[in-house]
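Structure at a glance
Below are the chains, spelled out letter by letter.
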Amino acid sequence: MEASYQRLLKGNETFIAERLALDPDFFTRLSKQQKPEFLWVGCSDSRVPANEITNTDPGEIFVHRNIANVVVHTDLNFMSVLQYSVEVLKVKHIIVCGHYGCGGVLAAMSHSHLGLVNKWVRNIKEVYQKYVDELEAIADSDARAKRLVELNVIEQVHNLAKTSIVQKAWQERPLQIHGWVYGLDSGRIKDLECKIRRLEDLEPIFRYEF
Ligand code: CO
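All of the points below concern the structure found in this document. (Residues numbered from 1 in each chain as written. Predicted model: local features only at pLDDT ≥ 70, side-chain atom pairs only at ≥ 80, totals over all residues. Heavy atoms only, no water.)

Here we take up the overall build of the protein chain. Helix and strand content of the protein chain: 9 helices and 5 strands. Going from N to C terminus, the protein chain has its helices and strands arranged as α-α-β-α-β-α-β-α-α-α-α-α-β-β. The principal-axis extents of the C-alpha atoms in the protein chain amount to approximately 55 × 50 × 30 Å. The burial tally for the protein chain puts 43% of its 210 residues in the buried class. Of all intrachain contacts in the protein chain linking residues separated by at least 6 positions in sequence, the fraction that spans at least 24 positions is 63%. (Helix = DSSP H or I, 4+ residues; strand = E, 2+ residues; numbered from the N terminus. Buried < 20%, exposed > 50% of the residue type's maximum accessible area, 1.4 Å probe, protein only. Contact = heavy atoms within 4.5 Å.)

Spelled out as structure tokens, the structure:
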């Protein structure tokens, strides 16, 4: 019997054939350079793949994904992705895309002990606590979870703006940060319209002087 992973390798052959049929230079061109306009900060959830849900091609989006799309300023992995994409690739937009039904957000709302992942989910518990009055005024638990998904995205948009990397880029050029939420049951992305474009959009204590 064929092992399940072999389906992936066969799929890769199909991918190559289909791409080449549409554009014989596709791989030659992409192998020379990447010039993505977007940095995507999304959830690791297998149902929210950046390229597929935005109908974009390889080469168009620089991607970072972790549990519940969290921006943590001590996360060396993420901060490296951010610095490289902003300073070297010079992306024009950073998109934080959460999704309703996010397991990480639901875990943050529960009291389950999950081992190591507690430490990561703790970031979202802090968001919950920051907005505890608004959240606990929502009687329906599904609606409350949905709101926390949105608030978590808005908070991560702010966390991006709080970095010196983003603030330094703002001195030289426009760089927009967007907060989006994806619906697993509809496939639709909702723009939360929480755009941050410049230093003045950020609380004063977080602003750096260079
Ligand atoms: Co998720």
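Moving on from the coordinates now.
For the cobalt ion, the full set of protein donor atoms is C43 (SG), H99 (NE2) and C102 (SG), and the range of their distances to it is 2.1 to 2.3 Å. When the donor residues of the cobalt ion are listed from N- to C-terminus, their spacing reads C-x55-H-x2-C. Linking C43 in strand β1 (residues 38-43) with H99 in strand β3 (residues 93-99), this pair joins segments that are 56 residues apart in sequence. On the basis of relative accessible area, C43 is assigned to the buried category, the value being 5%. Judged by its relative accessible area of 0%, H99 falls in the buried class. (Donors = N, O, S within 2.8 Å, 3.2 Å for Na, K, Ca; no water.)

All right, on to the nonpolar core then. Counting 47 residues, the largest nonpolar core has L39, L82, V86, I94, L160, L175 and I177 as its most contacted members. Sorting elements by how many residues they give to this core places helix α8 (residues 141-161) first, with 8 residues. The contacts of L82, once residues within four sequence positions are left out, are L39, I94, L160, T163, I165 and V166. Counting 9 residues, the second largest nonpolar core, distinct from the first, contains W40, V48, I53 and Y182. (Core = buried A, V, L, I, M, F, W, Y, C linked by side-chain atoms within 4.5 Å.)

With 13 residues, helix α4 (residues 76-88) ought to run about 18 Å at 1.5 Å a step, and its terminal C-alpha atoms sit 17 Å apart, in line with that. On the buried face of α4, the contacting elements are β1, β2 (61-66), β3, α8 and α9 (164-172). Among the residues of α4, the N-terminal cap falls to D75, whose side-chain oxygen and the backbone nitrogen of N77 are separated by 3.1 Å. Looking one or two residues past α4, K90 carries a phi angle of roughly 55 degrees, positive in sign. (Expected span 1.5 Å × (residues − 1). Polar contact = N/O pair within 3.5 Å; in protein donor to acceptor, adjacent residues only side chain to side chain.)

This next bit is on the packing of aromatic side chains. In total, this model carries 5 aromatic pairs according to the counting rule given. With a centroid separation of 5.9 Å and an interplanar angle of 40 degrees, the aromatic rings of F62 and Y84 are classed as tilted. Here Y84 lies in helix α4 and F62 lies in strand β2, a separation of 22 residues in the sequence. Ring centres of Y208 and F210 lie 6.4 Å apart, and the angle between their planes is 45 degrees; on these two criteria the pair is classed as tilted. The exposure class of Y208 is partly exposed, given its relative accessible area of 44%. Judged by its relative accessible area of 47%, F210 is partly exposed. Through pairs of rings, three or more aromatic residues link up here, namely F15, F26 and F27. Note that K162 overlies the ring of F206, its terminal NZ or CZ placed 4.2 Å from the centroid. (Phe/Tyr/Trp six-rings, centres within 6.5 Å; stacked < 30°, edge-to-face > 60°. Lys NZ or Arg CZ within 6 Å of the ring centre and 35° of its normal.)

Here we have 5 strands laid out as an open sheet, ordered β2-β1-β3-β4-β5, and mixed in their pairing. Looking at strand neighbours, the two that pair on one side only are β2 and β5 (189-191), the edges of this open sheet. Taking each pair of neighbouring strands and ignoring which way they run, the sheet shows an average axis angle of 25 degrees. When β3 meets strand β4 (residues 176-182), the two strands line up parallel, connected through 7 bridges. Bridging across to β4, H99 finds its partner in Y182. (Pairing = 2+ DSSP bridges. Axes fitted to C-alpha atoms, helices over the stretch in contact; angles between N-to-C directions.)

Coordinates in, geometry out; function isn't part of it.
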